Every structure is written in C-alpha cells, then in structure tokens.
Amino acid sequence: MVVSTQTDGKSVRQVKVIETSQVTVRFCGDSGDGMQLAGTQMTTASAIFGNDVSTFPDFPAEIRAPAGSLAGVSGFQLNFSSHLLRTPGDRVTALIAMNPAALKTNIADLEPGGILVVNDDAFSKTNLAKAGYDENPLDAAGMSQFKLFRIPIDKLNAKVCESTGLTGRAVSRCRNFFALGLVYWLYGRPMDPTLRWIESKFGGKPVVAEANTLALKGGYYFGETAEMFPVRYVVPKADIPPGRYRRISGNVATALGLITAARLAGKPLFYGSYPITPASDILHELARYKNFDVRTFQAEDEISAICSTLGAAYTGNFAVTGTSGPGIALKSEAIGLAVMTELPLVIVCVQRGGPSTGLPTKTEQADLNQALFGRNGECPVCILAPATPGECFDMAIESFRIATEYMVPVIMLTDGYLANGAEPWRIPDVASLPKIEVKHPAASENGFLPYARDAKLARPWALPGTPGLQHRIGGLEKADGDGNVCYDPENHEHMIHTRQKKVEGIAETIPPTEMFGDDSGELLVVGWGSTYGAITSAVERCRAKGMDVSSIHIRYLYPMPKDIGAILKRFKKVMVPEMNLGQLVQLLRAKFLVDAKGLNKVQGKPFMISDIERGIEDTLNGKAI
Amino acid sequence: MSNDTVQVELKPKDYATDQDVRWCPGCGDYAILAQAKKVLAGLGIPRENLVVVSGIGCSSRFPYYIESYGFHSIHGRAMAIATGVKVANPELSVWVVTGDGDGLSIGGNHLLHTIRRNVDITVLLFNNQIYGLTKGQYSPTSPMGKKTKSSPQGSIDFPLRPLSVAIGAEATFVARTIDVNVKHLGYILERAARHKGTSFIEIYQNCNIFNDGAFEYVTGKDVKDENAVYLEHNKPLIFGKDRDKGIRLNGMKPEIVSLGNGITEDDLLFHDEKAEDPSLAYLLSRMHYPNAPEPMGVFRCVERPTYEDLLMDQIESSRKANGEGDLESLFASGETWTVD
Ligand code: SF4
C-alpha cells in the first residue's frame, strides 16, 4: 500500500493508493447509454497502459427495448491485470450501474466488498418502477456489503458540459464519458487514448468533441477532488511478449483471417451471407474491404448464401459463408452438395443459444452435433474450433488451407463469446504467415477426369473458363474418376469410403495436441472452443494448489488429432466442460471408450473459472459433478 | 461475356456431350436442347466459357447434355449457385435451366431475388405444369381443378403466372415461347442470351407422360393461331389464322376486336418491349387462354446495370479510394500500441 498526495491546484488531499494484480470492471446501463463504448475505450486505455486485458459485452436481444427496462440493459465487462489473462473475469470488482434496471440485472455478479458506482439521478420513482423496485435498493441494508458511491452523474455531467451550450439529449449522451472519467481516475488509466478517439470521431463536430472531452475530464477530476473517494488502485503493467498490438474480437479476427487467406493464395474472397446474430459483424467487416477484392453478397436467405458461395467456390474464388446455428440448419442440404461435389468451401458458424431462435445474443456450444451429424447420408465435414478471439484469425486461414488442399467444405465453429469478446492481438508479421498454394489443372485437349484423385484423395479444382476441361458435377452419386452419374452399388460404397477417408486423412496434416500440465496423471480436463480461457485458468489455479490435473484443448474436432486417444488413456479420469448437454463428451466416449464425464452449463453465459475449479475439485474428490 | 480469342467455328453438335439423353421419348425437352445448341453455336460462345446450372427435375438434367461446365445442383437452388458463379467470374456465360416446380415452388425465393438483382444470367424455365420426375403431382402452374396423383379431386391451388411474377420482380428481360415452335424458340433463346442482365424465358414444354397436351391450345394445328398472339416490338397485336383479329385496349382492359368495319391496325395495341414502365408487359402477362390469346415473344427488354458490374465498380472505386488492399495496414487498422 502506498500513500500519495493528490492535488487539484486548490485543495490538497491524501489518497491511499492500493496496488492490485487484477481488476474486473463492468459498465451497465440502458442500450442507449453507451456502455459498449465506455467499455471498449477503457479496454484500449488499459492495453496501452500495459495491462493484459480481456473483455466481454452482454447485449440485450431487443434493439430498442423501452428505456429503463430490464430487457434493455446492456453491459460490458473488462478484466485487466498485471499477469496474463485468459477470461473477462468471474466476479466483478467494480460495477458501474447507470440506472436501477442495470443495478438489478447485474448486482448479483459484484463481489462482496466490491465497488458500486451508481448514477444516483437515475434512481427516480419511474425508473425504480420500470425495474420492478418498490423501494430504492440503494437504501436497503444489503448495500452495506459493497463500497457504494451514489453520484449524481446527470447533474454533474450537465454542469461540466454547460459551457458548450448543448442541452438535453446531447448532454446526457456524454454521461457515459463522465462515468468513464471517474473510473479512469479510480484505476489510474491514461485519458490520452480516449481523448484521441474523441478527436478522430467527432473532429467534424467540435461542440460534441468538446462536450465529450469535458465529460471525461470532469469525471476524472471529480474523482480527484471529491472527498468521497479515499482510495485509488493501480494495476502494474503485465509481462506481455513484445510486439505491436491491437484489440481484436473474434468476429473481426475471423474476417481478417478470411481476407488474409485469400490474399495469401492470390484469390478474390467471396462472402455470401444472410444477416444473423451474432455473425453479421463478419459481413459488416468484410464489406468494408472491397479493395482487397472482397466480394460480399448479402443473400435473400441462408440457403442462397451458401449456394452462391458454392457457385463461387466452383468458379475459383476463396468462398466462405457465415451464419449461426439456425442458419446452419437451413444450409445443411447445400453442405451435403459441397461434400458430394468436393468443392472447397468454408462455413463459419458463430454459435448462439438454441434450439430454434433460442437466445440470439447469448453464447452456447450446442451446434457441435449439428456440425458433425446434421446432414442426410454419410456426409463427413471437417470441423475446426478456435479457442480465443485472436485464434479465429489463424483458424480462418487454416480452414481455407484444409478446404483447398483436400477439396472439402470446412466448418469453423466459433460462438457468441468468442465473436464479441476481445483481447489484445499481437499483429502478425505478414511475411511469417503460411503460404496457401492452390493448383488448378491447365487446359487440355486429351479429356479430363474431374474425379481423379491425388495422394490426399483430393480431386482437381478445374475452373470454368479453362478450355478442354468442361465437365459436369452435381448432387447425384459420381463414378470415381470420370465423375459421370453412377448408380452402381459398388461404386456408391467405394465413394462413401473415399469421401470418408479423405476427410479422416486431414488428421495427417494437423498439429499434435498441446498438453497443459503433465503428460499423464489423475485428471484430464478436455475442452474445445471458447471455454479455453476458463478451463486453462482453472487448471492453473488447481495445480498451484497441488492438484493432479492437466488439460488439453481440441481445436480440430473432426477429424481429431491422432494423439487424442492415447492422451485420454494416460489419465485416470476425464472431465469435459461444455456449454451444452455433453456433445463432445459423448463423442469421446463413443470413439475412445473412455469414461469421460461432462461438466455442463447452458445458461447462455460462459463458464466462470470457479465453475470449472469446482468441477475439478469435485471430480478429484470422487464427488459427482 | 467477352470472347477476344479467335475460336474455331463451333457447330451445334460440338455442344453435345457423350452422355445418353434420358428424357422420355417425345418429351418437349429434346426440342429445347436442340435449339439451345444451335443458338450457342450461332453466338459462338466458347464451350469452356459456358456454365449451365440446374436444380432438380426433368429439365434440370439439361447440363449433362450440353458440352460446358455443368452443375446439376439441388432442388430450387440453381439461381443462387449461378449468382455465385457469375460474381466469381463475370466473364462467363451463365445459364440456368429450371422448371415450374424447381424454379417457382421450392426455388421461388431465389428466382425473385436473382431477377431483382439483374445478375447477368439466362434463365430457361420449362413450364410443363406438372412434377414430372416425381411422377405426376400438380405444380404451382397447374390449373385449378387439375386432377393429378396428389389431387385426385382436382387441385385447389390457384396457379401463378411465371411472367407476371418475373415482371413483379423487376425483370429486365421477359419472354415466352413454346417447345414445338422451334423457330420462335431459337429466336427467343438468342435474344435472351444477348441480353445483359437476367433474362427470363418461360418455355411451354409438353410432358407427354404426365401432362400430355397441356398446351394443345397454342400448339394444335387448328387452334394455335386463334389462341396465341406473337409479339413484335412496335407492331400491333394481330392474330388469327387470317390475321384478322387484334387486341385493343379499352381503358386498362385488353379486348379482342376484328379488323375491318372501321377498325384498323392503328386502333390496336402496339407492343413496346422497351417501355421502362412494366405495366404493359404485366398486362400482357395476364392475357390467358381461354379468355384471350396468349402472347408469345419478348414482353419486356430494358437496360439496367447488372449486379456483378455494380459490384465490380464498387471494388474498383474502393481500390481508387483506399489503394490496393495491403495486409500490413489492414492488421494495424484501429488503435495499436507497442509493447517493448
Ligand atoms: S416425365 Fe415428362 S417432362 Fe419428364 S422427361 Fe418424361 S416427358 Fe419429359
């Protein structure tokens, strides 16, 4: 603990400064309160300061839910630390609630003793009623367990913005920056990055820029001068690998990876998609980069999205379609056609809560079975799953590598948590990226066998426009070699096996599984997708407590790395945490005959580290999980 | 489609494949295939630049029989696949072959939206008013009361008129022709192939197995001249064996009049396929046997930019504004910081 002296030029007061290794802040308010913006600004400021950061936004499903209502609450959680982070944090250290509805929906996540900053002005009778409170909860006895700061943010903000001449709505739009300024002071965040952002964003509207600047600084100086804050916190810099960084979300990383893959192969990128939460941001992002010869096509429906993509793949573009679970259901038949015609196609599925429309803005991992089995006939499809937002970039490139090398469709499974969660991303050196070599057969006068195969069992990618290679493909069964329609029973069986062998052969060119912990032992935790951060952190904590637990994270779900079976057998117990009812665990049990147990959570929310810690402890203690 | 290289002159037979044609003997599809080959040869479209996409149904076997890059896809989706092909390589000549079930029932949505976007593809919709491949159920164009295997008491579905639908979807080229009228069929195919934008042709096609004679009223020797009126741009609508009848507009209503007795050609409705306003084309698409002779020919042929041209323009203008895409600056977009 350090005691320092703060001065605002007029008065001098003593403020205690406490050093801490990790802080989890959550901003919450109405959808219109600019909570996402406040959160992302603080993320950038913290990253630039030198902390490791991890974030997760929580959007309401309704776009314009009534102001002040529970349904309209939007949140943004930011975790920053002096050590490496893998998740946006379990419990919240500081909650900033802009109205009663935000308080009501978020207070349960604030740790006892945590900091609670509320906009006192918003706790009016009407707003309390909208949130279903009879009494003002701030006056309730339960509040004493928190460090509560009731701040008249509306009034203070209006005051600091007075000189701009702005009034009403225009002023209240800045109050998120007033709150942000206060939190910046509380945690010693630099204001410069946000001031720069205000300048670039509102440069054309000097009055608005001025108001936001005043609000941010006003909040900061309020913290400094108001007697109500006796303590500030510092989170020292983390030991982060050197390099140039930016903040990246899974959806943006996916988009950049797709563009990069096409560039590395010297191909146009075709993206056929129909708007769907939470995948639409990939479409938005790609549509901005037409100068990379990105051809975005907003289709009339999910089926058209994938069929146009298949047409573009056939014609030689790097072709990808993106969607979420309901869209995959509609695309199933066309994925089968891609398997049958053996065309290179990438399908990004950003999973969300299901079934049916389910929880569109919430996260889940319940489309693994659909990706594996959701088609008619024997229809194997390669499935990849990135584990972090940044990894979406690498896996998008890897998806195209596999699709074009093997002439197969590839499904990349991400989820709402990866898609919208963000982390610092070390900007890769372009020269170090893997090349993608694509071959097309040359013009020929001596006939052409569209279903001739190479060593990997891939058929040639013959492009329309190439003289002499005219041929016909389609959904009917093909004779191997010449590709003619063929109803012969032996050929059908041979083709079924060939397609299966081809996809299974992908295992030959994927990396071996990395162990976290030991090579063998008592308990192995097996995860896939976005649970990586929570699982690895939980295993790390449990190991620090001396428990015999290790983990692996499967990024290639089909086919799996060849070493998975052997790894599973080196542990006495296997636990598989998933945000579903146990889809991977079922697969592992069926494929490897291991007595793996599932640890399941289907609340539309990611696992907390503590959820998994508990699962590990219980498993090791022989309790049912 | 561009064709700069010097090509050896292609004959219709050069567009034949080594595949056995498997339509029922006497099926109207044969005539359409023959005319298509003729037109392709006439236009000199190189086989390697030709992509023929189809869905599912009897008509959708077409790609197997045309020497080209053929894609026999899944039910109803040919338009979407063709859109992807054309966008991926606008140099190709892309044709879609579909039917009344494939294109208007299961694939109705794709048909509407492809037409609306004006993707430069040529669409041949074989209308035989029946599901042939699945052995004879009523289709979206079967007349009310049609008795089929799935409607033993008669169909209770109101049929739709494919051309009205296409016009409603903002089509830039709309035409109708008949399988057995091979000269007219060839002419219409050629016009459609030359049009830049989505060309939509409804071809009355006889399914002699499940719906024989459905179009007898416009093909039968004794009746066809009375029941069809052949459209020509800037010409009056005249029909009848002796070309003594015409169509006159009475307000918004077309009526049949006999020429003579003070009624001259100048009183008749003059066809204008280039009219920007689709009302006339729509009105013609509503003329239906037995109330009126059915128009054959080009209903509408107007110019509008194609989807793929507009897209390529955007790519060009984005390159002009932002420079050719560069990965390094792409990665570093937004706020960055350096850790030493
Ligand atoms: S069923 Fe009818 S449409 Fe199909 S091939 Fe036979 S005759 Fe032609």
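The structure we're discussing is the one just above.
Residues numbered from 1 in each chain as written. Chains lettered and ligands numbered in written order. Predicted model: local features only at pLDDT ≥ 70, side-chain atom pairs only at ≥ 80, totals over all residues.

A. Summary view of the overall build of chain B. A count of helices and strands for chain B gives eleven helices and twelve strands. Relative to the 2.2 N^0.38 estimate, which gives 20 Å for 340 residues, the radius of gyration of chain B is 23 Å and therefore close to what a compact globule would have. Expressed as lengths along the three principal axes of its C-alpha atoms, the size of chain B is roughly 95 × 50 × 50 Å. Per-residue burial for chain B yields a buried fraction of 47% across its 340 residues. For chain B, contacts bridging at least 24 residues in sequence account for 67% of all contacts bridging at least 6. (Helix = DSSP H or I, 4+ residues; strand = E, 2+ residues; numbered from the N terminus. Rg over C-alpha atoms; globule rule 2.2 N^0.38 Å. Buried ≥ 20, exposed ≤ 12 C-beta atoms within 10 Å, placed from the backbone. Contact = placed C-beta atoms within 7 Å.)

B. Quick look at the interface of chain B and chain A. The partner chain A presents 58 residues to the 50 residues of chain B that form the contact. Tallying contributions element by element places helix α2 (residues 78-88) of chain B first for the side of chain B that touches chain A, with eight residues. Split into classes, the residues belonging to the side of chain B that touches chain A amount to 21 nonpolar, 19 polar and ten charged. In this sheet, strand β2 (residues 69-72) of chain B lies alongside strand β18 (residues 472-474) of chain A in parallel orientation, the contact comprising three bridges. What sits directly across from A:Arg472, in β2(B), is B:Gly70. (Nonpolar A, V, L, I, M, F, W, Y, C, P; charged D, E, K, R; others polar. Pairing = 2+ DSSP bridges.)

C. Local environment of the site of the ligand. Close contacts around the ligand come from B:Trp23, B:Cys24, B:Cys27, B:Asp29, B:Cys58, B:Asn128, B:Gly132, B:Cys207, B:Asn208, B:Ile209 and B:Phe210, and that covers them all. Counted by class, the shell around the ligand contains seven nonpolar, three polar and one charged residues. (Near = placed C-beta within 6 Å.)

D. Representation of the pairing of strand β13 (residues 318-323) of chain A in the model. Residues and elements named next belong to chain A. Burial of β13 is extensive: six of the six residues sit out of reach of the surface. Neither face of β13 is left uncovered, since the one carrying Phe318, Val320 and Gly322 and the one carrying Ala319, Thr321 and Thr323 both have all their residues buried. Both strand β11 (residues 269-273) and β13 contribute to a ladder of five bridges, which runs parallel. Following the sheet pairing, Phe270 is matched in β13 by Ala319. Summarising the sheet, β13 and strand β14 (residues 345-351) pair through four bridges and their orientation is parallel. What sits directly across from Gly322, in β14, is Val348.

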